[in-house]
Each structure stands twice: as C-alpha cells, then as structure tokens.
Amino acid sequence: MVRPKGRPLAEGRWFWRRLYAFAVTGSLLWLLRRAVLATPPERMPETARGLMVLMALILVLYLVAPTAQQLAAMAANLRLRLAVRGRP
C-alpha cells in the first residue's frame, strides 16, 4: 500500500489503540503486584512467569496484529477471490 508523501500513517495517530495497550499493560502490572502480595513464595516464580507471558502476548498483538482497516481489506479481497472462483 502506497501512502501520499508528507502524510503520516493513520496508525500513529490512533489514540484508542494506544490507550487500550496502556490500560491493559497497567492492569497486568497491577495484577502482578497483587499476585506478588497474595502468592506464597514457593509459587511466585510460575505466577510471575505466566503474567509476563501474557504481557508479551499483548505486546506482540499490539505490534503485529493487523488493523481494522487491513482486516476489512483482506475480507473484501477474500470475498472477491471466492466470487471469482465460484463462477462457471
């Protein structure tokens, strides 16, 4: 996809996606703090590891997952391909 010169990508201006990532990360950090306080010391490593894996998954999805616009374009492309393939 080619974008016009001088116009920033819309993704960088998407306030809600950034707010969502910030809120989820903050919530997971709060959950980690509560887990540290409530978990017996012998179970803490596996609890912390699980929460860190969940945070990594959220980060990867935030960075790699397609945007709604990209998903809509892929769905339209798939619909077009299926319609062409189904013609006799």
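Structure report, in brief. (Residues numbered from 1 in each chain as written. Predicted model: local features only at pLDDT ≥ 70, side-chain atom pairs only at ≥ 80, totals over all residues. Heavy atoms only, no water.)

1. What about the overall build of the protein?
Along the backbone of the protein there are 3 helices and 0 strands. Seen in sequence order, the protein has helices and strands lined up from the N terminus as α-α-α. A burial count over the protein gives 15% of its 88 residues as buried. As presented, the protein carries roughly 7900 Å² of accessible surface, and 68% of it is formed by carbon and sulfur atoms. (Helix = DSSP H or I, 4+ residues; strand = E, 2+ residues; numbered from the N terminus. Buried < 20%, exposed > 50% of the residue type's maximum accessible area, 1.4 Å probe, protein only. Areas by Shrake-Rupley, 256 points an atom, 1.4 Å probe, with all protein chains shown as cover.)

2. Focus on a nonpolar patch on the surface
Residues W14, F15, W16, L19 and F22 make up a contiguous nonpolar surface patch of roughly 620 Å² in combined accessible area. Inspection of the secondary structure puts L19 in helix α1 (residues 15-38). Of the residues examined, L19 reaches a relative accessible area of 35% and is grouped as partly exposed. (Patch = residues over 30% accessible without salt bridge, like charges linked within 9 Å, V, L, I, M, F, W, Y side chains within 5 Å. Salt bridge = Lys/Arg side-chain N within 4 Å of Asp/Glu carboxyl O.)

3. Focus: the packing of α1 against helix α2 (residues 44-64)
For any two helices packed against each other, the geometry comes down to the angle between their axes and how far apart the axes lie. The contact between α1 and α2 brings their axes to 10 Å, and the two run at 175°. Taken together, the axes of α1 and α2 are roughly antiparallel relative to one another. Contacts from R17, R18, A21, V24, L28, L29, L31, L32, A35 and V36 of α1 reach α2 at M44, T47, A48, L51, L54, M55, I58, L61, Y62 and L63. Of the residues assigned to the contact of α1 with α2, the class counts are 17 nonpolar, 1 polar and 2 charged. (Axes fitted to C-alpha atoms, helices over the stretch in contact; angles between N-to-C directions. Parallel < 35°, antiparallel > 145°, perpendicular 65-115°, else oblique. Contact = heavy atoms within 4.5 Å. Nonpolar A, V, L, I, M, F, W, Y, C, P; charged D, E, K, R; others polar.)

4. Notes on α2
The end-to-end C-alpha separation of α2 is 30 Å, in line with the 30 Å expected for 21 residues at 1.5 Å each. Along α2, the residues classified as buried are M44, A48, L51, M55 and I58. The arc that holds every buried residue of α2, seen down its axis, measures 85°, which confines them to one face. Projecting away from the buried face of α2 at angles above 90 degrees are the exposed residues R49, V53 and V64. At its buried positions, α2 is contacted by α1. (Expected span 1.5 Å × (residues − 1). Arc of directions from axis to C-beta.)

5. Re the nonpolar core
Core analysis: the biggest nonpolar cluster contains 9 residues, these being V24, L28, L32, A35, M44, A48, L51, M55 and I58. Sorting the residues of this core by element identifies α1 and α2 as the ones contributing at least two each. The element best represented in this core is α2, accounting for 5 residues. (Core = buried A, V, L, I, M, F, W, Y, C linked by side-chain atoms within 4.5 Å.)

6. Quick notes on α1
In this model α1 runs 34 Å from its N-terminal to its C-terminal C-alpha over 24 residues, within 8% of the 34 Å that 1.5 Å per residue would give. Listed in full, the buried residues belonging to α1 are R17, A21, V24, L28, L32 and A35. Buried positions along α1 lie against α2.

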